[in-house]
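# Coordinates in review
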Amino acid sequence: MSFIGVDLHQNSITVCRREPDGAQSFETLTLSAADMERFCLSLDADDEVAIEATGNSAWFRDQVLPCVGRVVVVNPSQFKVIRKSVKKTDRNDAAALALFLSKDMLPETRARTQDQSELASLTHTRDVLVKQRTRLLNKIHALHVRKGLKLKKESLGSKRGLAAIDLDLFSRCEVIEIEVLREQALSLSASLAHLDREIEGVAATFDGYEGLTSIKGVGPRSAAVLLTAIGNVHDFASADKLAAYFGIVPRVRQSNETDHRGRITKQGNRLARTTLVQCTLSAIRYSPYLKGYHNRIRERRGFGKAIIATARKLLTIIYDTLKNGWVFNDFTQFQRREDLIPAGQSS
């Protein structure tokens, strides 16, 4: 049995093979079909391989997984030994992976299925395009402000609002700028509409989609983001573990008798965490329970902390919904479709 650390690049790999007695050997290979075949043939069924999560790590894992006992995809943000190494070389990176793999001390990232990866990529692309369109619309708004013209940003969110811009109020250069910005914004809106249809259609085939969208405040696109971020909910032993994975638990620093709890960690998927907060803002409008919980905390600790606390409460509901296969008939009263028993009670 060997522990194999692989420093993976776009066109090559540096391999460190560590034996149980600590002996190490290195080799560098390309990612050509011939070299990959030779590498796979050199592996034994009980070997373990470690790679950092990169753009092509899922592909590489799929290539070697049939040949070995285990492939560990390492979370690079948590494995700081490589990034903070004084002497950072490909060989040192591969050796560090092999060493910590042999001691079973690597922070493993959770592997996605092909369908989950593809849907996650779609939702990420949508997020990128939304931000690009927002920047374009902000620029159009800034051109109005510079002229002393009043214009609500919200009015630029529709095709009609963009068409209603009075170009006669601007100079020739400004008109050209606005026309280009408007054209690009409209093009992005059309692309987003196309993505939305595809995201909703693909997400609807996932287990748990119907349950999540039965929660008032969680729409089809939000469900897609949450489902791809969570993956197999049974990987999490509790809702608290899921909250930690979303990065909405406080940082804890303990020393002797001192116990300090700070801001949330913000680790994990930023888009999923942002989506959860957005769903929370919507859910408190529908659920008297969540609204009351939010208001009680807001009175003591302010709006920001109240939203994060309520988001964690909503995430617990999401966790229970996915784990138990619930579909809400009436979310405001926490009544499930099958038996109409309040979700927090037993039959």
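Residues numbered from 1 in each chain as written. Predicted model: local features only at pLDDT ≥ 70, side-chain atom pairs only at ≥ 80, totals over all residues. Heavy atoms only, no water.

What follows is about the overall build of the protein. Helices and strands together make up the secondary structure of the protein, namely 13 helices and nine strands. For the protein, the spread of C-alpha atoms along the principal axes amounts to about 75 × 65 × 45 Å. Taking all 347 residues of the protein together, 40% fall into the buried category. Sequence separation of 24 or more characterises 53% of the internal contacts of the protein that already satisfy a separation of 6 or more. When the accessible area of the protein is evaluated, it comes to approximately 19,800 Å², of which 48% is carbon and sulfur surface. (Helix = DSSP H or I, 4+ residues; strand = E, 2+ residues; numbered from the N terminus. Buried < 20%, exposed > 50% of the residue type's maximum accessible area, 1.4 Å probe, protein only. Contact = heavy atoms within 4.5 Å. Areas by Shrake-Rupley, 256 points an atom, 1.4 Å probe, with all protein chains shown as cover.)

Where burial is concerned, most of strand β2 (residues 12–18) is hidden: seven out of the seven residues are buried. Residues Ser12, Thr14, Cys16 and Arg18 point to one face of β2 and Ile13, Val15 and Arg17 to the other, with burial holding for every one of them. Pairing geometry for strand β1 (residues 3–8) and β2, over six bridges, is antiparallel. By the bridge assignment, leucine 8 is partnered in β2 with isoleucine 13. Hairpin geometry of β1 and β2 is characterised by an intervening segment of three residues between the two adjacent antiparallel strands. (Pairing = 2+ DSSP bridges.)

Bringing helix α5 (residues 114–146) into the picture now. End to end, α5 covers 48 Å across 33 residues, agreeing with the expected 48 Å (1.5 Å per residue, within 8%). Buried residues along α5 sit against α6 (159–163), α7 (172–203), α9 (220–230) and α11 (270–286). (Expected span 1.5 Å × (residues − 1).)

Among the surface-exposed residues, Arg263, Lys266, Arg270, Arg296, Arg300, Arg301 and Lys305 lie close enough to one another that they form a single positively charged patch. Position of arginine 263 relative to the elements: it lies in strand β7 (residues 258–264). Looking at arginine 263, the relative accessible area reads 75%, which means it is exposed. (Patch = residues over 30% accessible without salt bridge, like charges linked within 9 Å, V, L, I, M, F, W, Y side chains within 5 Å. Salt bridge = Lys/Arg side-chain N within 4 Å of Asp/Glu carboxyl O. Lys, Arg positive; Asp, Glu negative; His and termini not counted. Charge placed at Lys NZ, Arg CZ, Asp CG, Glu CD.)

Turning our attention to the domain arrangement of the protein. Parsing the protein into structural domains produces domain 1 (3–102), domain 2 (114–204) and domain 3 (209–324). Using only C-alpha atoms to locate each centre, domain 1 and domain 3 end up separated by 35 Å. (Domains from an automatic or database assignment.)

Next up on the list: the packing of α7 against α9. Where α7 contacts α9, the two axes come as close as 9 Å, and the packing angle between them is 60°. On the basis of the axis angle, α7 is oblique to α9. Handedness of the crossing formed by α7 with α9: left-handed. Along its contact with α7, which presents Asp196, Ile199, Glu200 and Ala203, the element α9 presents Pro220, Arg221, Ala224 and Leu227. Of the residues belonging to the contact of α7 with α9, the class tally is five nonpolar, no polar and three charged. (Axes fitted to C-alpha atoms, helices over the stretch in contact; angles between N-to-C directions. Parallel < 35°, antiparallel > 145°, perpendicular 65-115°, else oblique. Left-handed = near helix turned anticlockwise from the far one by under 90°. Nonpolar A, V, L, I, M, F, W, Y, C, P; charged D, E, K, R; others polar.)

Attention now moves to the side chain of arginine 273. Turning to its location among the elements, arginine 273 is positioned in helix α11. Ignoring anything within four residues of it in the chain, the contact list for arginine 273 reads Phe246, Gly247, Ile248, Lys266, Gln267 and Gly268.

Below, the discussion takes up unusual backbone geometry. One non-glycine residue, aspartate 104, adopts positive backbone phi at about 55°. Along the chain, the position of aspartate 104 falls in the loop between α4 (90–102) and α5.

Moving on, we come to the pattern of salt bridges. Counted under the stated rule, the structure contains 17 salt bridges. As a salt-bridge pair, glutamate 27 and arginine 38 come within 3.9 Å of each other at their nearest N and O atoms. Here arginine 38 lies in helix α1 (residues 33–41) and glutamate 27 lies in strand β3 (residues 24–30), a separation of eleven residues in the sequence. Exposure remark for glutamate 27: the relative accessible area of 29% places this residue in the partly exposed category. Its salt-bridge partner being glutamate 48, residue arginine 70 comes within 3.4 Å of it at the nearest N-O pair. Here arginine 70, found in strand β5 (residues 70–74), pairs with glutamate 48, found in strand β4 (residues 48–52); they are 22 residues apart in sequence, far enough to count as distant. Through salt bridges with shared partners, a single ionic network connects Glu48, Arg70, Asp104 and Glu108.

Structurally, alanine 95 is set in helix α4. Spatially, the C-alpha atom of alanine 95 lies 8.2 Å from that of valine 6, the residues being 89 residues apart in sequence. In this structure, alanine 95 is in contact with Cys16, Gln24 and Phe26, ignoring residues within four places of it in sequence.

Moving on: the side chain of threonine 280. One can find threonine 280 in helix α11. Using a relative accessible area of 1% as the deciding quantity, one classes threonine 280 as buried. Other than its neighbours up to four places away in sequence, threonine 280 contacts Ile307, Thr310, Ala311 and Leu314.

This brings us to α4. Between the first and last C-alpha of α4 there are 18 Å, a value that for 13 residues agrees with the 18 Å anticipated at 1.5 Å per step. Those residues of α4 not exposed but buried are Asp93, Ala94, Ala95, Ala96, Leu97, Ala98 and Leu101. Directly beyond the C-terminal end of α4, a positive phi value near 55° is found at aspartate 104.

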